[in-house]
Amino acid sequence: MALSLERYTWPDEINNFTQLLNQRNMELKHKSMLMTLEKIDCYLPDNLIIEILSRLSVKDLLQFKSACKSWFEIISSPIFVSKHLTNYYNNNDEWRGCLLAQFYVSHAELQLYELLVDETETPRVLDYDILYNMPMYCSNVCGPCDGLYYVYQHDNDPYCRALWNPAINELKTLPGIIRKPDFPVEFTYSGYEVYGFGIDHVGDYKVVVMKGYWSDSDLKHPVSVLVYSLRTNSWRYCGDLAKDYALENNRCYIYVNWCCYWLGSFEFSSEVIISFDMSNDTFKEIDVPDYAQPSSKCLAVYDDSLVFLSLHETKNLDIWTWSEGCWTKKFSVGPLPRVWGPVGHWKDNRLVLQSGPGELVLFHPDTQETEELEFKNSMQCQGVYAYMESLVSIKDKNEAGQQPEEN
């Protein structure tokens, strides 16, 4: 299963000229910035230099790391990486124009497309080489959490899971997943799994995987929860769910206040939401809101809270907010005659909706305005994800590389 990237392009001649022109402009820009920073390095205090650097793009900072040893140490420090996450994303709108959409190509392949929304003169884009030279193929993406993504290949290979930071071209293959302790040897994992990715209260990035077991008699056993910790680079078994739930993978990144959430059902009728708390490795069951059925539905995030989206036969879209242990209907908008169903969320509380075969629109519930993404694909949308750059490294100190020599 291959992960690939496609962009909108002009005819080849115009596109090649545009690429050369953009490359020349970027080279001049970086050269000018480097010369300027080298001059101010002699006159400005360190704290002001750090403040300036923390507002630059990841691409610029990767180049400036090689300028001198002092800059390398600044940009590589965990304190600076954390400061950059805050300053760059609170004061820079460039990063906010890229949305990743994943579509089925065939039963054996998915593709990841890059959609440039709110495009600026110099849109931030992924690099072809980063995607095509990844040391593993993957079919599913989950994230971003601080610019990191969890990627998963749907097969039985124990080494088909990884953490990925495309901005700094790092990919860390995760160790093989463990078996539930004391399970008979004739029990094996089911081929399907549900997963989530996030960070706990002490800053440890975690992957949670939920898998069922099968025995030789084809009887399915309760779903087990296994958690990977980047800090320990290991998996551990965190117990079984209370029932043999049928869970669905989210079509966007659902992580709110250290918790991941999934829609599911029990015995094909009783719907439920399962939450997993990254801070204490515990899970619980949440009832779905009392919504009108049948409906196209999904989970999303709105105002930094979990929401339940449901589109009814009347083409009205209901938005339910989860707060203090109960559901509240926040909006009911529509009818939206062209909309097939909700997909997920994006920045500024805009929702991503599918309006036709492979057609996506952004919808802002406050104004009830829609924005066409000018993107068409004949396949069903599998999911949408924001693209976020960061300097967060997933390598340990021995893998991180060497410092440049002092200039």
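Remember, predicted model here, so these are calculated numbers, not experimental data.

Before going further, it helps to spend a moment on the sheet that holds strand β21 (residues 351–356). Strand order in the open sheet formed by four strands is β20-β21-β22-β23, and the pairing between neighbours is antiparallel. With one partner strand each, in any of the chains shown, β20 (341–345) and β23 (369–372) form the two edges of the open sheet. This sheet shows a mean twist of 35° between the axes of neighbouring strands, independent of strand direction. Pairing between strand β22 (residues 359–364) and β23: four bridges, direction antiparallel. For L362, the partnering residue across the bridge sits in β23 and is E371.

Spatially, the four strands line up as an open sheet ordered β3-β4-β5-β6, and their pairing is antiparallel. In this open sheet, the two edge strands, each paired with only one partner strand, are β3 (140–145) and β6 (170–173). Averaged over neighbouring strand pairs, the angle between their axes works out to 20° when direction is ignored.

What follows covers the nonpolar core. Membership of the largest hydrophobic core comes to 74 residues, with the highest contact counts inside it found for L53, Y150, L163, F197, V207 and M210. It is strand β8 (residues 205–214) that provides the largest number of residues to this core, a total of six residues. Apart from residues lying up to four places away in sequence, L163 is in contact with Y149, Y150, E170, L171, K172, L174, F197, V207, Y228, L230 and I394.

This part takes up the environment of E359. Along the chain, E359 falls in strand β22. Measuring from C-alpha to C-alpha, the distance between E359 and E372 comes to 8.4 Å, with 13 residues separating the pair along the chain.

Counted according to the given criterion, the structure contains zero disulfides. Cysteine C142 remains unbridged, with the sulfur of C260 as its closest cysteine sulfur at 6.6 Å.

Moving on: the pairing of β3. Judged by how many residues are buried, β3 sits mostly within the fold: six of six residues are covered. Relative to strand β4 (residues 148–152), β3 runs antiparallel, the two being bridged by four bridges. Directly across from N140, in β4, lies its bridge partner Y152. Counted along the chain from β3 to the antiparallel partner β4, the turn is two residues long, and its residue D146 has a positive phi close to 55°.

Here is what the cut-offs are and how they apply
As a convention, each chain's residues are numbered from 1 in the sequence order in which they are written. Local features in this predicted model are restricted to residues whose pLDDT is 70 or higher, and side-chain atom pairs enter the listing and the counts only when it is 80 or higher, whereas totals over whole chains, interfaces and linings include all residues. As a rule here, side-chain values come from all non-hydrogen atoms in the structure, and water together with hydrogens is ignored. Pairing between strands is defined by DSSP: at least two bridges between them are needed. Only DSSP runs of H or I reaching four residues or more are called helices, and only runs of E reaching two or more are called strands; each is numbered from the N terminus. Axis geometry follows a simple rule: fit a line to the C-alpha atoms, using only the stretch in contact for helices, then measure angles between N-to-C directions, giving values from 0 to 180 degrees. Here, nonpolar core means buried Ala, Val, Leu, Ile, Met, Phe, Trp, Tyr and Cys residues that are tied together by side-chain atoms lying within 4.5 Å of each other. Only protein chains enter the accessibility calculation, which uses a 1.4 Å probe. A residue is then buried if its area is under 20% of the maximum for its type, exposed if over 50%, and partly exposed in between. Residue contacts are defined here by distance: any two heavy atoms, one from each residue, within 4.5 Å place the two residues in contact. Throughout, a disulfide means two cysteine sulfur atoms within 2.5 Å of one another.

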